[in-house]
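As a plain string of letters, each chain reads:
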Amino acid sequence: MTVLVIGASSQIGRFLLPRLIASGEPVVALSRHPRLASAGVTWLHGWLPDRPPSLPPLSAIISFGPLTGLADWLAHADVVDAPRVVATSSMSAESKRDSLVSGERDISRQLRESEAQLAAACERHGSAWTVLRPTLVYGAGLDKSLTPLARRAMRLRVFPLPCGRGLRQPVHAEDIAQAALAALECPASAGRVLQIGGGERLSATEMFARVRRSLPVATMPLPLPAWLLRAGKLALPRLRGALDRLDNDLVADNGELQRLLGVHPRSFRPEPATWQPLP
């Protein structure tokens with residue numbers, strides 16, 4: 001039997017594949033672009049839901065891609081042997097539920113609807129499922145939040161430091177990969193949506209300060225006071241949601257994760273290599 005990995009080249013997938021290969025499980029990975037063969041992984045060209053490749057019998061499906069595509073495919077696919085399914089969603093399903101920005105409320109709604117659709121599709125096949133909802137993900141130099149900020153600061157030698165009282169809980173991509181594998185082996189996690197955040201909660205201000213301290217080059221701190229951020233909401237409507245959340249807590253409750261899976265994510269201690277893509 002074989003494990004199918006969707007999103008194998010994502011920041012979480014890059015930590016998952018070596019662990020799967022080391023376990024001895026046959027692995028097939030789905031890619032939108034043709035890839036060269038690599039040790040322990042069979043790469044298949046295609047995407048979900050519109051262009052799935054031919055698949056061997058599967059023991060498990062691990063997905064770090066869009067939930068909607070996975071749910072749509074599973075709802076109509078002829079999948080045999082009821083493979084175990086583990087997929088990632090996002091804590092944005094809750095944190096953006098009441099956003100002042102309509103587009104962000106839509107993202108929250110779509111995530112929750114996709115989680116429900118995935119559960120229904122898995123039930124159609126008799127497959128046990130687990131959804132992981134991570135907070136802000138970092139660790140492979142591929143995220144769209146902290147890494148661009150770090151690289152821009154290294155290039156310009158200036159680091160903006162917005163004030164923010166809201167708590168943050170960045171979670172390392174490798175800890176999510178560990179949780180995904182643990183969920184495969186834990187029957188008690190079936191049918192659950194599990195939150196996963198980092199091992200500590202810190203203010204948004206301190207999170208940005210730690211990113212700056214981790215950089216391999218010196219940067220000039222540029223404090224952004226509250227009045228300037230309020231003006232930014234008016235001048236830059238596309239940033240309104242993010243600026244509004246600086247004083248909101250964006251955290252996860254790791255209680256069930258730790259109790260069921262025994263996973264204890266690390267604290268936020270970035271290093272210079274954190275902001276460079278893994279090979």
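Residues numbered from 1 in each chain as written. Predicted model: local features only at pLDDT ≥ 70, side-chain atom pairs only at ≥ 80, totals over all residues. Heavy atoms only, no water.

Caption draft 1: The arrangement of the side chain of Thr 2 in detail. By secondary structure assignment, the location of Thr 2 is in strand β1 (residues 2–6). For Thr 2, a relative accessible area of 11% gives the class buried. Those residues within four positions of Thr 2 in sequence are excluded, and the remaining contacts are Pro 26, Val 27, Val 28, Pro 56, Pro 57, Leu 58, Ser 59 and Ala 60. (Helix = DSSP H or I, 4+ residues; strand = E, 2+ residues; numbered from the N terminus. Buried < 20%, exposed > 50% of the residue type's maximum accessible area, 1.4 Å probe, protein only. Contact = heavy atoms within 4.5 Å.)

Caption draft 2: Representation of the sheet that holds strand β6 (residues 129–134) within the structure. Taken together, seven strands build an open sheet; the order of strands is β3-β2-β1-β4-β5-β6-β11 and the sheet is parallel. Each end of this open sheet is capped by a strand with a single partner; those strands are β3 (41–45) and β11 (192–196). This sheet shows a mean twist of 20° between the axes of neighbouring strands, independent of strand direction. Pairing of strand β4 (residues 58–63) with strand β5 (residues 84–88), which is carried by four bridges, proceeds in the parallel orientation. Looking at β5, one finds that Ile 62 is bridged to Val 86. Against the sheet, helix α6 (residues 173–184) engages β4, β5, β6 and β11, with an angle of about 160° to β5. (Pairing = 2+ DSSP bridges. Axes fitted to C-alpha atoms, helices over the stretch in contact; angles between N-to-C directions.)

Caption draft 3: Local environment of helix α4 (residues 102–125). In this model, α4 (24 residues) spans 35 Å end to end at C-alpha, consistent with the 34 Å of a helix rising 1.5 Å per residue. Looking at α4, one finds that the buried residues are Glu 104, Ser 108, Leu 111, Ser 114, Glu 115, Leu 118, Ala 119, Ala 121, Cys 122 and His 125. Packing partners of the buried residues in α4 comprise α2 (67–76), β5, α3 (92–95), β6, β11 and α9 (240–244). Of the residues flanking the end of α4, it is Gly 126, one or two places downstream, whose phi is positive at about 75°. (Expected span 1.5 Å × (residues − 1).)

Caption draft 4: Quick peek at unusual backbone geometry. Between Leu 48 and the following residue, Pro 49, the backbone shows a cis peptide bond with an omega angle of 5°. With respect to the helices, strands and loops of the structure, Pro 49 is situated in the loop between β3 and β4. Positive phi values are uncommon outside glycine, yet Ala 82 reaches one of about 45°. When you line up the elements, Ala 82 lands in the loop between α2 and β5. Classification of Ala 82 by relative accessible area gives partly exposed; the value is 31%.

Caption draft 5: Main features of α6. Its twelve residues place the ends of α6 17 Å apart at the C-alpha level, agreeing with the 16 Å of an ideal helix rising 1.5 Å per residue. Among the twelve residues in α6, ten count as buried, and that is most of the element. Restricting attention to buried positions, one finds in α6 the residues Ala 173, Asp 175, Ile 176, Ala 177, Ala 179, Ala 180, Leu 181, Ala 182, Ala 183 and Leu 184.

Caption draft 6: Main features of the pattern of salt bridges. Per the counting criterion, the structure on display carries 16 salt bridges. In this structure, Glu 256 and Arg 259 form a salt bridge, with 3.6 Å as the shortest nitrogen-oxygen distance. Remark: Arg 259 and Glu 256 occur in helix α10 (residues 255–261); sequence separation between them is three residues, near one turn of the helix. Glu 256 sits in the partly exposed class, given a relative accessible area of 30%. Given the relative accessible area of 57%, Arg 259 is considered exposed. (Salt bridge = Lys/Arg side-chain N within 4 Å of Asp/Glu carboxyl O.)

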